[in-house]
Amino acid sequence: MSFPKGFLWGGAVAATQCEGAWNEDGKKASIMDHVTNGDINHPRLITKEIEDNYFYPNHYGCKEYKFYEEDIKLYAEMGFKTYRMSINWSRIFPNGDDEEPNQKGLDYYKRFFTLCRQYNIEPTVTMTHYDMPWNLSEKYGGFANKKVIGFFVKYATTIMKEYKGLVKRWLTFNELNFATVSYGEFVISGIYPECGYVNMDNPNSTLEEKNKRFQALHNELVASAKVVQIAHEIDPEMQVGCMMCGFAYYPLTSKPEDIFAAQKDMEIWDYYCLDTMCKGKYPYWAKRFWKDNNIHIDITEDELNDLSKGTVDFISFSYYRSDCSSNDASLKQQGTDFGIRNPMLKTTEWGWSIDPLGLRWLLNEFYARYEKPLMIVENGLGAYDTLENGYVHDAYRIEFMKNHIKAMSDAIDDGVDLIGYTCWCAIDIVSAGTGEMKKRYGLIYVDADDLGNGSYKRYKKDSFYWYQKVIQSNGKDLD
Ligand code: BGP
């Protein structure tokens, strides 16, 4: 296994899914704090007020805000080189449009990053991971409003200056490419959906909703480009990456129409954002896409100038699964799917395909297209785990990660510049899509259920010890 010296092994989390303490020490509600629990068959509701008769899982997470010292010690015991986490925007600017930042919020993350570095763990920090301050959504309509570009740039500049020397690797928006569909409208762009729930992929979006969605995404692309330029002024050594949900689409059949459909899916899901953030301009086919879909975006010359100057230093992405594409629209499944199930692949208990070779394929696709360093910042298996006498025997998770790490090694031998891997996730946290704790991804088990009950005691799973060996051997010992 040929991982380079200094390969960044680690684990990942998201603040809104792990911290809890949703309204402590000056923090106000983020958009995810208004989202109830759900499950694979029931979407998560978005309530305008926090209502007693609903449960809000992100108010609890796995209580990392309280237990972070113990958690960082456990990550160091595994040998993490980096910890990919996020700063909760609403902990720093509680309303999003505040004149001054919340000092208690700044202090918390200063303690957090300092402790990480004491254990030789380098933070990789996402600036916003589904945690826009609720006020920016309610008062301004989220990123559909260009004013929010300024609020985000002010927030990003504040934290880059505050943590200069402690944080050298930043990611701007988590899975920004989800902003091309209804799921991202709310969780990424902060646009409150008329349906009132987190709608994964609404094929019946109105023209007005589509226009708002792509205007918001444009504003976020501009915000990200501005932040990249500011980062390099603050600290020339600072590296800023984009963060995408890596989608691999295969044609369902060898029909030319399906081959073409897969090309179109790769374009809108992956390349619409990646081209803009890596090449500094929208892809050539965007104009036709906007025209065919009646999408009108307000784009200024200055913004195009920002896009061209603010290209990212590296590409980070999540990889969980692959899907199929077909020109037969009736085959497209509704709900949590963003494609058509691949009949050749097994799936997880939540219906996500298991496709390690797809990771090698996607790494080669992205590197061939952009030739920028790549970092996988999410990859893991959501599964039901059972705690027995203090142990969790999760051989299925070890198998999943082993096969994906082998695929990464093959991609490196293909010549891909892969700089790191942070598995999803370091510790059991609340699922983004369903709000469940029982959809467990962690290498550390947390004694908590879907309704916030439990001791929140931490237990090392078998995968904790296995991953410790993988890191110690720099990817050579996978057994
Ligand atoms: C990604 C998010 C993560 C994480 C992951 C797993 O989209 O960036 O926050 O949640 O998906 O998805 P889920 O938690 O819905 O199983």
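Higher on the page you've got the structure.
Parameters at a glance
Residues numbered from 1 in each chain as written. Predicted model: local features only at pLDDT ≥ 70, side-chain atom pairs only at ≥ 80, totals over all residues. Heavy atoms only, no water. Near = heavy atom within 4 Å. Polar contact = N/O pair within 3.5 Å; in protein donor to acceptor, adjacent residues only side chain to side chain. Areas by Shrake-Rupley, 256 points an atom, 1.4 Å probe, with all protein chains shown as cover. Axes fitted to C-alpha atoms, helices over the stretch in contact; angles between N-to-C directions. Helix = DSSP H or I, 4+ residues; strand = E, 2+ residues; numbered from the N terminus. Parallel < 35°, antiparallel > 145°, perpendicular 65-115°, else oblique. Left-handed = near helix turned anticlockwise from the far one by under 90°. Contact = heavy atoms within 4.5 Å. Nonpolar A, V, L, I, M, F, W, Y, C, P; charged D, E, K, R; others polar. Pairing = 2+ DSSP bridges. Salt bridge = Lys/Arg side-chain N within 4 Å of Asp/Glu carboxyl O. Buried < 20%, exposed > 50% of the residue type's maximum accessible area, 1.4 Å probe, protein only. Expected span 1.5 Å × (residues − 1). Bend = angle between axes of the 7 residues up to and from the residue.

A.B. asks: It is not clear to me how the site of the ligand should be interpreted in this structure. Could you clarify?
C.D. replies: By nearness alone, 14 residues border the ligand, and Gln17, Glu175, Gly433, Lys439 and Tyr441 come closest of all. Here an oxygen atom of the ligand sits 2.4 Å away from a polar atom, N or O, in the side chain of Glu175. Between Tyr441 and the ligand, the recorded distance is 2.5 Å, taken from a side-chain N or O atom to an oxygen atom. Relative to its unbound accessible surface of 370 Å², the ligand loses 95% to contact with the protein.

A.B. asks: Honestly, the packing of helix α8 (residues 207–234) against helix α11 (residues 301–309) in this entry has me stumped. Any pointers?
C.D. replies: The angle between the axes and the distance between the axes are what describe a pair of packed helices. Contact geometry of α8 with α11 gives a least axis separation of 8 Å together with a crossing angle of 55°. By the angle class used here, α8 and α11 are oblique. In the packing of α8 onto α11, the handedness of the crossing is left-handed. For the pair α8 and α11, contact is made by His218, Leu221, Val222, Ala225, Lys226 and Gln229 and by Glu303, Asp306, Leu307 and Lys309, respectively. Of the residues contributing to the contact of α8 with α11, the split by class is four nonpolar, two polar and four charged.

A.B. asks: What should I look at first to understand the sheet that holds strand β4 (residues 169–173) in this one?
C.D. replies: By definition, the strands of a sheet pair up through backbone hydrogen bonds, in either a parallel or an antiparallel sense. Spatially, β1-β2-β3-β4-β5-β7-β9-β10 is the arrangement adopted by the eight strands of the closed barrel, whose pairing is parallel. Across the sheet, the axes of successive neighbouring strands diverge by a mean angle of 25°, strand direction being ignored. Pairing analysis gives five bridges linking strand β2 (residues 82–86) to strand β3 (residues 122–128), with the strands arranged parallel. The partner of Ser86 across the bridge, within β3, is Thr126. Those strands touched by helix α13 (residues 395–414) are β1 (8–12), β9 (374–378) and β10 (418–424), and its axis lies near 170° from that of β10.

A.B. asks: Would you take a moment to explain the pattern of salt bridges for this structure?
C.D. replies: Proximity of charged atoms lets side chains of opposite charge pair with each other. In the structure shown here, the tally under the stated rule is 27 salt bridges. For Glu122, the salt bridge is made with Arg169, and the minimal N-O distance between the two is 2.7 Å. In this pair, Glu122 sits in strand β3 while Arg169 sits in strand β4, placing the two residues 47 residues apart along the sequence. Glu122 sits in the partly exposed class, given a relative accessible area of 23%. Judged by its relative accessible area of 11%, Arg169 is buried. A salt bridge links Arg213 to Glu185, with the nearest nitrogen and oxygen atoms 2.7 Å apart.

A.B. asks: Before we go on, may I ask you to explain helix α9 (residues 256–279) in this structure?
C.D. replies: Given 3.6 residues per helical turn, the α-helix brings residues three or four places apart onto the same face. Between its first and last C-alpha atoms α9 spans 29 Å; for 24 residues at 1.5 Å apiece the expected length is 34 Å, and the helix comes up short by more than 12%. Where α9 bends most, at Tyr271, the angle is about 50°.

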